[in-house]
Amino acid sequence: MLAGLVVALALIPEAISFSIIAGVDPRVGLFSSFVMAVSIAFLGGRPAMITAATGAIALVIAPVAREYGMDYFIATVMLGGILQVIMGVLGVAKLMRFIPRSVMLGFVNSLAILIFMAQLPHLINVPWMVYPLVGIGLIIMVLMPRFTKVVPAPLVAIVLLTIATVTMAIAVPTVGDQGELPRSLPELFIPNVPLNWETLSIIGPFAIAMALVGLLESLLTAKLVDDITDTHSRKTREAWGQGVANVLSGLFGGMGGCAMIGQTMINVKASGARTRISTFLAGIFLLILVVVLGDVVAVIPMAALVAVMIIVAVSTFNWHSVQWSTLKRMPKSETTVMVATVVVVVATHNLAIGVLVGVVVAMVAFARRVAHFATVDRSLPDDETVPTAYYRVNGELFFASSNDLTTQFEYSDDPDRVIIDMSNSHIWDASTVAALDAITTKYERRGKRVVLIGLNEASQYMHERLAGNLGGEG
């Protein structure tokens, strides 16, 4: 319960700032956070993960609100949610297994950097009293867990700093300065847009981008929580649950969202929450705080929330991954993937783009590494009645490793009979079959006969199905 209260307090300024990014009223972000947190508590596949309005989603769909208005904006959110449900049912979540550990490390570290960078505007050109308040908040959160963990340290820091600023009349920026808080409950909102191809062509691209970014960020966050809590989450359920939550968010005039890594870390790491109750109560507390206790929440100093987010950033960053001893042991390709992910995320402020770039770099690095494993050994036995050249192919054969295969045979110098032994290799794609076709054709042009032996069952099937049907020049 207390973890949910801490998360709700931290959600308020972020939901307001994300609303501003999206170009909509602060109420839109706050109501969206309430609806999504409550609905995902029942529908989601990862207990204790927080879902609400996020900056990544706000950035993706902001142009719709700016260029077409609120009705098209909400229609985009709802269509994005429907697409997420479809993707969830189709099993898109299973693709998470293709995201390597180095990309996950880059995701986590870049996220920590973004969380910290988001606090800098609250630390620059502000009254000098902000700095000691932030410092006191950090000290409370570092020292208090050593004595007791009954009450979440972030909640204690927020309460004490608020009491201090109010009783001592310290003039510092507050939550109320971030934007006006709503005074009423969210109402049903049906977007007034024509149901035709023109509308779909306007909102479709943004909805697709929103669905992909939201799912990627949510599933990566779920995987991170799995690692922290040593428990397993249901990724497919989380995927369609996110979609339903976005549709419900749109129906109540919300801006949509996805899993929030910062708030999830507050909930799971800083506060120690492990169940759906904390997620549900985060949404309920958020609504009570902004609608009923808006005047009290408005006086919370931003310095308190900044201190909480700095602790979250420091605890989220994987410091072991950047230690010199670790970097010396890790393969350079792994480090390159992690750095590429971090650089792209920090440069674009888009986690999805960074992760996709990281995955592509990892794939290229893997393909290059595996490509060198394919070798060809040649021998000319003296005991053969018919002069024969024996070639033994070793390694996994796919597009990267088989492209140079044709250059490793002595077409002119070999005798009329050539045997290629494939027992130590495996054919994975059409590129390899095309390379073998080219080798056979080059020998046949010189009047020489080629025999392939040792193919395993899968390689034999692929070779028989494709050999001679790929239209190569030979």
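See above for the structure.
Residues numbered from 1 in each chain as written. Predicted model: local features only at pLDDT ≥ 70, side-chain atom pairs only at ≥ 80, totals over all residues. Heavy atoms only, no water.

(A) View of the packing of helix α5 (residues 101–119) against helix α15 (residues 332–348). Contact geometry for α5 and α15: axes closest at 8 Å, N-to-C directions at 30 degrees. Two packed elements cross with a definite hand, and for α5 against α15 that hand is right-handed. Of the residues in α15, those in contact with Ser-102, Val-103, Leu-105, Gly-106, Phe-107, Asn-109, Ser-110, Ile-113, Leu-114 and Met-117 of α5 are Glu-334, Val-337, Met-338, Thr-341, Val-342, Val-345 and Val-346. Residues belonging to the contact of α5 with α15 are distributed by class as follows: 11 nonpolar, five polar and one charged. (Axes fitted to C-alpha atoms, helices over the stretch in contact; angles between N-to-C directions. Helix = DSSP H or I, 4+ residues; strand = E, 2+ residues; numbered from the N terminus. Left-handed = near helix turned anticlockwise from the far one by under 90°. Contact = heavy atoms within 4.5 Å. Nonpolar A, V, L, I, M, F, W, Y, C, P; charged D, E, K, R; others polar.)

(B) Quick peek at empty space enclosed by the protein. For the coordinates displayed, the defined rule picks out one cavity of 30 Å³ or more. The computed volume of the largest cavity comes to approximately 50 Å³. Around the largest cavity, the lining residues are Ile-40, Ala-41, Gly-44, Arg-46, Pro-47, Ala-48, Met-49, Thr-51, Glu-238, Arg-276 and Thr-279. Looking at the lining of the largest cavity, the elements that each hand over two or more residues are α2 (26–43) and α11 (276–292). Its residues assigned to classes, the lining of the largest cavity comprises five nonpolar, three polar and three charged. (1 Å grid on protein atoms, 1.4 Å probe; cavity = no way out; pocket = protein on both sides within 12 Å on 5 of 7 lines; lining within 4 Å. Points joined across faces, edges and corners; volume = space filled by probe spheres on them.)

(C) Layout of a nonpolar patch on the surface. Together, Phe-116, Met-117, Leu-120 and Ile-124 make up a nonpolar patch on the protein surface, roughly 320 Å² of accessible area in all. With respect to the helices and strands, Leu-120 occurs in the loop between α5 and α6 (130–143). Exposure remark for Leu-120: the relative accessible area of 31% places this residue in the partly exposed category. (Patch = residues over 30% accessible without salt bridge, like charges linked within 9 Å, V, L, I, M, F, W, Y side chains within 5 Å. Areas by Shrake-Rupley, 256 points an atom, 1.4 Å probe, with all protein chains shown as cover. Salt bridge = Lys/Arg side-chain N within 4 Å of Asp/Glu carboxyl O. Buried < 20%, exposed > 50% of the residue type's maximum accessible area, 1.4 Å probe, protein only.)

(D) Representation of the sheet that holds strand β6 (residues 449–453) in the model. Spatial strand order, β3-β4-β5-β6: four strands in an open sheet with mixed pairing. Sheet topology places β3 (375–379) and β6 at the edges, where each strand pairs with a single neighbour. Strand-to-strand twist of the sheet, defined as the mean angle between neighbouring strand axes without regard to direction, takes the value 20 degrees. One ladder, built from nine bridges, connects strand β4 (residues 388–397) with strand β5 (residues 417–427); its direction is parallel. In the sheet register, Tyr-390 faces β5, and the bridge partner there is Ile-419. On top of the sheet, helix α18 (residues 430–445) reaches β4, β5 and β6; it is set at about 175 degrees to β5, its chief contact. Contacting β5 and β6, helix α19 (residues 457–466) crosses the sheet at an angle of about 120 degrees to β5. (Pairing = 2+ DSSP bridges.)

(E) Focus on the pattern of salt bridges. Evaluation of the coordinates by the stated rule reveals five salt bridges. As a salt-bridge pair, Asp-25 and Arg-27 come within 3.4 Å of each other at their nearest N and O atoms. Overall, the relative accessible area of 35% leaves Asp-25 in the partly exposed class. The class for Arg-27 is partly exposed, based on a relative accessible area of 33%. Linked by salt bridges that have partners in common, Arg-46, Asp-226 and Lys-235 make up one network.

It is worth stressing that arrangement in space is one thing and function is another; only the former is reported here.
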